[in-house]
Every structure is written in C-alpha cells, then in structure tokens.
Amino acid sequence: MNDRSCRPDIVKTPDIAPYDVIFVGFPVWWYREPSIIDTFLESADFTGKTLVPFCTSGGSNLGESTDNFRTLAPGAKVLDGRRLTHRDDDAALRAWILSIR
Ligand SMILES: Cc1cc2nc3c(=O)[nH]c(=O)nc-3n(C[C@H](O)[C@H](O)[C@H](O)COP(=O)(O)O)c2cc1C
C-alpha cells in the first residue's frame, strides 16, 4: 500500500463486457481501495460503464477511493459510492441499489 504503483495479480480477471453497472466492493485500507482493486480498474476499458464503489471499514469513509477510481477508469461514470455498515439491513441495501438504476 505504500507503493502506489503496486498492482497485485488477480487470479481470474472478471469479464466486464456483459455489464453496464458494476459494483466494486472492498475493505478500506489506509483511507483508500486496496491495490488489487487498482489492478482490476486497469484491467479493462470501462468506457460507457457505470462504476459504483462500496466499502467496509473500521470507521473511515471511502477516503480517496472514488477519486482514484475516476483516475484509473477515466472512461467510466463513477458514482460517489457508499460505505456499508452493520446498520445497513436488506431494505436499506435494496433502496440504495434501486436508487442507482
Ligand atoms: C491494512 C489495513 C488497513 C486499514 N485501513 C483502514 C482505514 O484507513 N480506515 C478504516 O476505517 N479502516 C481500515 N482498516 C479496517 C478495514 O477496513 C476493515 O477491517 C474491513 O473493512 C473489514 O471490516 P469488518 O472486519 O468489519 O468486516 C484497515 C484494515 C487493514 C487490514
């Protein structure tokens, strides 16, 4: 995480082609997305896709993550994203997801 150019390998990179809206979830590490998420964002051309960052954390919010998504996937529409907690029950998650469509 100290080396911003670090790109850990992904064992099997997902094929994003069939999807228009892609939710990308991760634990916040040092106020941003883990480096393997950066590997994913650079693994494909997200032009025309919508990316929805979401995270868990020990308490901090998404931090730099959303800005980093916009830098690493410049063709995508990157939504502001959301931190999920144990207080987000099924109804809250459903309402959030439906608000995105
Ligand atoms: C290396 C590392 C860095 C972390 N950095 C942060 C951080 O900057 N802010 C934060 O709120 N939590 C941080 N955490 C906590 C994780 O985000 C948290 O453990 C993760 O989201 C999983 O949450 P859970 O244990 O409640 O499932 C960090 C955890 C690790 C292992």
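Description of the structure in this document. (Residues numbered from 1 in each chain as written. Predicted model: local features only at pLDDT ≥ 70, side-chain atom pairs only at ≥ 80, totals over all residues. Heavy atoms only, no water.)

**Notes on the site of the ligand**
Let me state the cut-off plainly: In these notes, residues near a molecule or strand are those with any non-hydrogen atom within 4 Å of it. Each polar contact in these results corresponds to two N or O atoms within 3.5 Å; when the atoms are within protein, one needs to be able to donate a hydrogen and the other to accept it, and residues that are neighboring in sequence are counted only if both atoms are side-chain atoms. The Shrake-Rupley method, run with a 1.4 Å probe, gives the accessible areas here. Residue values count only the displayed protein chains as cover. In this classification, the charged set is Asp, Glu, Lys and Arg, the nonpolar set is Ala, Val, Leu, Ile, Met, Phe, Trp, Tyr, Cys and Pro, and all remaining amino acids, among them Gly, are polar.
As a structural note, the neighbourhood of the ligand is formed by P27, V28, W29, W30, Y31, T56, S57, G58, G59 and S60. Between the ligand and V28 there is a distance of 2.7 Å, counted from an oxygen atom to a backbone nitrogen or oxygen. Contacts to the ligand include S57, whose backbone N or O atom sits 3.1 Å from an oxygen atom. Considering the ligand on its own, with 630 Å² of exposed area, one finds that the protein chains cover 53% of that surface. In terms of residue class, the shell around the ligand is built from 5 nonpolar, 5 polar and no charged.

**Some points on the side chain of D88**
Formally: Helical segments are the DSSP runs of H or I of at least four residues, strand segments are the runs of E of at least two, and each set is numbered from the N terminus.
Position of D88 relative to the elements: it lies in the loop between β4 (82–83) and α3 (90–100). For D88, the side chain forms a polar contact with the side chain of R82, separated by 2.5 Å. Here T85 takes part through its backbone nitrogen, which lies 2.8 Å from a polar atom of the side chain of D88.

**What to know about a nonpolar patch on the surface**
Selection criterion: Here, patches come from residues exposed beyond 30% relative accessible area and free of salt bridges, joined within 9 Å for like charges and within 5 Å for nonpolar side chains (Val, Leu, Ile, Met, Phe, Trp, Tyr). Here, a salt bridge means any Lys or Arg side-chain nitrogen found within 4 Å of an Asp or Glu carboxyl oxygen.
Together, V21, F23 and I97 line one region of the surface with nonpolar side chains, adding up to about 220 Å² of accessible area. As for its placement among the helices and strands, I97 is situated in helix α3.

**Looking at the nonpolar core**
We count it as follows: Grouping buried Ala, Val, Leu, Ile, Met, Phe, Trp, Tyr and Cys residues that are joined through side-chain atoms within 4.5 Å yields what is termed a nonpolar core. The cut-offs for exposure are 20% and 50% of the maximum accessible area for each residue type, with area from a 1.4 Å probe on protein chains only; residues under the lower value are buried, those over the upper are exposed, and the others partly exposed. We call two residues in contact whenever any of their non-hydrogen atoms come within 4.5 Å of each other.
If you look at the biggest cluster of nonpolar residues, it comprises 17 residues, and the most contacted ones within it are V24, F26, L41, F46, L51 and F69. Breaking this core down by element, the ones donating at least two residues are β1 (21–27), α1 (35–41), β2 (50–56) and α2 (65–72). Here F46 is in contact with I16, I22, F40, L41, L51, A73, G75 and A76, once residues within four sequence places are set aside.

**Structural notes on the packing of aromatic side chains**
Two measures describe an aromatic ring pair: the distance that separates the ring centres and the angle between the ring planes. Applicable threshold: Pairs were defined over the aromatic rings of Phe, Tyr and Trp, the Trp ring being its six-membered one, requiring ring centres within 6.5 Å. Orientation was assigned from the angle between planes: stacked under 30 degrees, edge-to-face over 60, tilted for the rest.
Within this structure, the stated rule accounts for 5 aromatic pairs. Between the aromatic rings of F54 and W96, the centroid separation amounts to 6.3 Å while the plane-to-plane angle is 70 degrees, which identifies the pairing as edge-to-face. Placement of F54 in strand β2 and of W96 in helix α3 is noted, with a sequence separation of 42 residues between them. For W96, a relative accessible area of 13% gives the class buried. Pairwise contacts between aromatic rings join F23, F54 and W96 into one cluster.

**Considering unusual backbone geometry**
Backbone geometry places W30, a non-glycine residue, at a positive phi of 50 degrees. Residue position: W30 is located in the loop between β1 and α1. One non-glycine residue, Y31, adopts positive backbone phi at about 65 degrees. Examined against the element boundaries, Y31 turns out to sit in the loop between β1 and α1. With relative accessibility at 54%, the residue Y31 sits in the exposed group.

**Considering the pairing of β1**
Formally: Criterion used throughout: strands pair if DSSP finds at least two bridges between them. Looking down the strands as they point away from you, a crossover is right-handed if its path from the first strand over the helix to the second goes clockwise.
Side chains of β1 alternate between two faces, with I22, V24 and F26 buried and V21, F23, G25 and P27 left unburied. As defined by bridge partners, β1 adjoins β2 across 7 bridges and the pair is classed as parallel. Directly across from P27, in β2, lies its bridge partner T56. A crossover connection joins β1 to the parallel β2 through α1; in handedness this β-α-β unit is right-handed.

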